[in-house]
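Structural overview
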Amino acid sequence: MATPRKDPLTLEVVELIGSVVARYYAEYEQAAAKHSLTGAQARVLGLLTLEPMPMRRVAQKLRCEPSNITGIVDRLESRGLVERRPDPNDRRVKLAAPTKEGVDTARRLRGSLDFAREPLAELSDEERTMLRDLLKRMLGEETPAVPDLG
């Protein structure tokens, strides 16, 4: 494992990442509240619009306890935004899936998030690709080689 860097540049980058994350979450919470959702409910709904999945997998993706996801899905289901349905590959497993209203709500919520979209619009396609690849690399995800701009 690499030794953590503590040089001024690394500390500045860490602070900037923290600021971006804090601003993103604050805007996300505000946007969710406009749809009478908590931030956690909005994140679960957004994730489920990508594909229906078992609640255990939702919990893994959001890095939280499955019992928390069960409560969130219960509240989304009571509002008609999510439904539970049998997994076609394993009828013992229940999938959480968005309803049409849930998909529409998630789309409107995503459309109201300007914080990340506006600053990214200032970057070229090449810069956004590089940023994406660097973030994936930081998270240990597979990425293509980062091009040398230098």
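Since the model is a prediction, treat every value here as computed from it, not as a measurement. (Residues numbered from 1 in each chain as written. Predicted model: local features only at pLDDT ≥ 70, side-chain atom pairs only at ≥ 80, totals over all residues. Heavy atoms only, no water.)

1. A short note on the packing of helix α1 (residues 8-34) against helix α2 (residues 39-50)
- Between α1 and α2, whose axes approach to 8 Å, the crossing angle comes to 90°. It follows from the interaxial angle that α1 and α2 lie roughly perpendicular. Contacts from Y25, Y28, E29 and A32 in α1 reach G39, A42 and R43 in α2. (Axes fitted to C-alpha atoms, helices over the stretch in contact; angles between N-to-C directions. Helix = DSSP H or I, 4+ residues; strand = E, 2+ residues; numbered from the N terminus. Parallel < 35°, antiparallel > 145°, perpendicular 65-115°, else oblique. Contact = heavy atoms within 4.5 Å.)

2. A look at the pattern of salt bridges
- Per the stated rule, a full pass over the model turns up 10 salt bridges.
- The salt bridge involving R92 is made with D90; its shortest N-O contact spans 2.9 Å.
- In this structure, K100 engages D104 in a salt bridge whose closest nitrogen and oxygen atoms are separated by 3.0 Å. Here K100 pairs with D104, and both are found in helix α5 (residues 100-111), just four residues apart, close to one helical turn. (Salt bridge = Lys/Arg side-chain N within 4 Å of Asp/Glu carboxyl O.)

3. A word on the pairing of strand β1 (residues 82-87)
- Direction of pairing for β1 relative to strand β2 (residues 90-98): antiparallel, over a ladder of six bridges. Paired with P86 across the two strands is K94, which belongs to β2.
- Count of turn residues in the β1/β2 antiparallel hairpin: two residues. (Pairing = 2+ DSSP bridges.)

4. Comments concerning the nonpolar core
- Residues V44, I69 and L76 are the most contacted members of the largest nonpolar core, which totals 23 residues.
- A per-element tally of this core places α2 first, with five residues. (Core = buried A, V, L, I, M, F, W, Y, C linked by side-chain atoms within 4.5 Å. Buried < 20%, exposed > 50% of the residue type's maximum accessible area, 1.4 Å probe, protein only.)

On their own, these measurements won't tell you what the molecule is for.
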